[in-house]
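Below are the chains, spelled out letter by letter.
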Amino acid sequence: MKSFIPVYQPDLSGNEKAYVNECIDTTWISSKGRFVTEFEQQFAKSTDVSFAVSVSNGTVALHLALLALGVGPGDEVIVPSFTYVASINAIHYVGAMPVFVDIEAESWQMDCKQVERCITTKTKAIMAVHLYGHPCDMVILQQLARQHKLYLLEDCAEAFGTKLYGMHVGNFSDVATYSFFGNKTITTGEGGMVVTQNVELDSEVRHLKGQGLKAGREYWHDIVGYNYRMTNICAAIGLAQLERAEGFLKCKQNIAQYYLRQLADLPLTMQVIQQGAWHSWWMFSILTDTTVQRDALRKHLLDAGIETRPLFNPVHLMPMYNQEQILPISENIASRGVNLPSWPGLTIEQLQRIVAEVRVFFKREYSKL
Ligand SMILES: *Cc1c(COP(=O)(O)O)cnc(C)c1O
């Protein structure tokens, strides 16, 4: 009996259990405790940023980042439509308008030429999303932001470990965010991080996430804040994950290289790595020729006990954001894409099985012609 291969599965086999037990044994289970501070410090160190603020998930991390920059009603934020819906929702939460741009066909990242064309007097910020672990062209985006006096944000939820010209993503903008959902490269169950090089933004995010409590005065709140704090239990898991992050990234690199090698001769399209980019391969993704073929491949794999996911649906098509806009590349790529299992613990036998089933599918497809 062949076992089921999920599309993702966190690896919690390091110090996760010991650290969580420490939280319980010491009763430090809420949002104070040593793991919160240590996780923030180690995270800042491992991604080369000055400040890291832990929060309860990646969506609220984006919300706080936008609030701390003062983005609000009347402002426009330029963002790719081809992303997870949370990037756009956060813009909506602060009362700003998302302005959707298409993606580049090779990298699947936001098209910088379109970003430039979308800048108006209302534009306040550009939100770059490093989708599936490949970096956006931050050099051009930095130039545009500087030239037009715009804030630059990076949604690094899918890009832990991603680099551009040797520098970690999250370093190219005013403020950047991460998610530690269960299927992200490092996880805390639910969790997120806001990172910045700017001490004032760091203080502002801390102020906002802790109910607007004024430092040095008990129960005195000088703004309407939020409770977006991470628990010590989540941070304990996060710290244990960080200890093994290099290993996770290495495994994901090997998995991607294996898929690239073994699927190279099939009629599939993959993300093309751009100059200067170091891809962290959050989710290895392939494009078939058509949607019909994509759906048939997914069904074939599922019948063989292999879970897959479709790529994200472009957000400009969803009812709450529908602007009757056409973004042809996003719509086309989203309609043909599949995420293959991409978690670091996949064994060589499991990878061989996945590749073999993809090959069986195409053999059958082409014998029909
Ligand atoms: C996962 C993800 C988020 C949101 O993170 P949560 O922790 O699930 O709230 C935001 N943006 C992108 C691109 C993501 O993939």
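Residues numbered from 1 in each chain as written. Predicted model: local features only at pLDDT ≥ 70, side-chain atom pairs only at ≥ 80, totals over all residues. Heavy atoms only, no water.

A short note on the site of the ligand
Near the ligand you find 14 residues, and of these Thr59, Asp155, Glu158, Ser179 and Lys184 are the closest. One of the side-chain nitrogen or oxygen atoms of Asp155 is found 2.7 Å away from a nitrogen atom of the ligand. Side-chain polar atom of Ser179 to an oxygen atom of the ligand: 2.7 Å apart, as the coordinates give it. Broken down by secondary-structure element, the contributors of at least two residues to the shell around the ligand are helix H3 (58–69) and helix H4 (85–93). In terms of residue class, the shell around the ligand is made up of four nonpolar, seven polar and three charged. (Near = heavy atom within 4 Å. Polar contact = N/O pair within 3.5 Å; in protein donor to acceptor, adjacent residues only side chain to side chain. Helix = DSSP H or I, 4+ residues; strand = E, 2+ residues; numbered from the N terminus. Nonpolar A, V, L, I, M, F, W, Y, C, P; charged D, E, K, R; others polar.)

With respect to the sheet that holds strand S10 (residues 277–278)
Taken in spatial order, the three strands make up an open sheet running S7-S6-S10, and their pairing is antiparallel. Across the chains shown, the open sheet's two edge strands, defined by having one partner strand only, are strand S7 (167–168) and S10. (Pairing = 2+ DSSP bridges.)

Side note on the UniProt feature "modified residue: N6-(pyridoxal phosphate)lysine" (unreviewed entry) in the protein
In this numbering, the UniProt entry assigns the feature "modified residue: N6-(pyridoxal phosphate)lysine" (unreviewed entry) to Lys184. With relative accessibility at 11%, the residue Lys184 sits in the buried group. Contacts of Lys184, omitting those with residues within four sequence positions, involve Tyr8, Ala157, Glu158, Ser179 and Trp282. Only 3.4 Å separates the side chain of Lys184 from the side chain of Ser179, close enough to count as a polar contact. (UniProt positions renumbered as here; feature names shortened; annotations may be inferred. Buried < 20%, exposed > 50% of the residue type's maximum accessible area, 1.4 Å probe, protein only. Contact = heavy atoms within 4.5 Å.)

Focus on the pattern of salt bridges
Any two side chains of opposite charge can pair if their charged atoms end up close together. Taken as a whole and assessed by the stated rule, the structure comprises 12 salt bridges. Of the charged contacts, one joins Glu22 and Arg34 as a salt bridge, the two residues approaching to 2.8 Å between their closest N and O atoms. With Glu22 in helix H1 (residues 16–26) and Arg34 in helix H2 (residues 34–46), this residue pair connects regions lying 12 residues apart in the sequence. Note on Glu22: relative accessible area 27%, which makes it partly exposed. Notably, a salt bridge pairs Asp202 with Arg206, separated by 3.4 Å at the nearest N-O pair. Note that Asp202 and Arg206 are positioned in helix H7 (residues 199–209) at a spacing of four residues, about one turn of the helix. (Salt bridge = Lys/Arg side-chain N within 4 Å of Asp/Glu carboxyl O.)

Regarding the packing of H3 against H4
Helix-helix packing is characterised by the crossing angle of the two axes and by the distance between the axes. Their axes nearest at 9 Å, the elements H3 and H4 cross at an angle of 40°. By the angle class used here, H3 and H4 are oblique. When the axes of H3 and H4 are compared, the crossing they make is right-handed. Contacts between H3 and H4 pair Thr59, Leu62, His63 and Leu66 from the former with Ala86, Ser87, Ala90, Ile91 and Tyr93 from the latter. Along the lines of polarity and charge, the residues of the contact of H3 with H4 split into six nonpolar, three polar and no charged. (Axes fitted to C-alpha atoms, helices over the stretch in contact; angles between N-to-C directions. Parallel < 35°, antiparallel > 145°, perpendicular 65-115°, else oblique. Left-handed = near helix turned anticlockwise from the far one by under 90°.)

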